[in-house]
Amino acid sequence: MASTADIKNGMCIHFNHAPCQIIEFLHVKPGKGAAFVRTKLRNVRTGNVFDKTFNAGIRVEQAMLDKKDMQFLYRDGDDYVFMDTKTYDQLNVAPVSLGSAIDYIVESMVAIIAIYNDEIVSVEIPASVEMLIAKTEPGIQG
């Protein structure tokens, strides 16, 4: 459990039965009334972004995400096989868990996989990827 005074950008909390990452926060102390913390949260499972205001001093449950560097090895049927770069354990990942990153994954690419309660909640790939263009329409001049 963490207090609202301990909130930082990038921290993950457990809110509405789901892990949520704090995108930004603002401690507000108005002239009248009690202080509060205005936050912008992103649901890690679904990607939805929403605003939530907490009273100052309340406790929020911190969600522990296990982030691992994993290397993409190959496709096995519908699943994608990743290998932990430290322990060499292999993990089969369903295409649903990869989301939009599925179009940009190439063999031997290292991705950061976040796991919450033995469930893959997000996959971060590098910002740029070198890919070969197989076919393109001819350009129209003029």
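Not measured: the values here are computed from a predicted model.

(A) Up close: the packing of aromatic side chains. Under the criterion given, the structure shown has four aromatic pairs. Consider the rings of F15 and F50, whose centres lie 5.9 Å apart with planes at 25°: the pair is stacked. Of this pair, F15 sits in strand β2 (residues 12-15) while F50 sits in strand β5 (residues 49-55), and the two are 35 residues apart along the sequence. With relative accessibility at 27%, the residue F50 sits in the partly exposed group. Judged by centre distance (5.5 Å) and plane angle (50°), the ring pair of F72 and F82 falls under tilted.

(B) Fine view of the sheet that holds strand β10 (residues 110-116). As summarised here, the arrangement of the five strands in space is β9-β8-β7-β10-β11, forming an open sheet in which the pairing is antiparallel. The two strands at the open ends of the sheet, each matched to only one other strand, are β9 (90-93) and β11 (119-124). Across the sheet, the mean angle separating the axes of adjacent strands is 40° when strand polarity is ignored. Both β10 and β11 contribute to a ladder of five bridges, which runs antiparallel. Bridge pairing in β11 links A114 to S122.

(C) Structural context of the environment of T85. Here T85 lies in the loop between β8 (79-84) and β9. With a relative accessible area of 32%, T85 lands in the partly exposed category. Each C-alpha atom of the pair T85 and V110 lies 8.5 Å from the other, and the pair is 25 residues apart in sequence. Look past the residues within four positions of T85 in its chain and what remains in contact with it is D69, M70 and Q71. At 3.2 Å, the side chain of T85 forms a polar contact with the backbone oxygen of D69.

Conventions used here
- Residues numbered from 1 in each chain as written.
- Predicted model: local features only at pLDDT ≥ 70, side-chain atom pairs only at ≥ 80, totals over all residues.
- Heavy atoms only, no water.
- Phe/Tyr/Trp six-rings, centres within 6.5 Å; stacked < 30°, edge-to-face > 60°.
- Helix = DSSP H or I, 4+ residues; strand = E, 2+ residues; numbered from the N terminus.
- Buried < 20%, exposed > 50% of the residue type's maximum accessible area, 1.4 Å probe, protein only.
- Pairing = 2+ DSSP bridges.
- Axes fitted to C-alpha atoms, helices over the stretch in contact; angles between N-to-C directions.
- Contact = heavy atoms within 4.5 Å.
- Polar contact = N/O pair within 3.5 Å; in protein donor to acceptor, adjacent residues only side chain to side chain.

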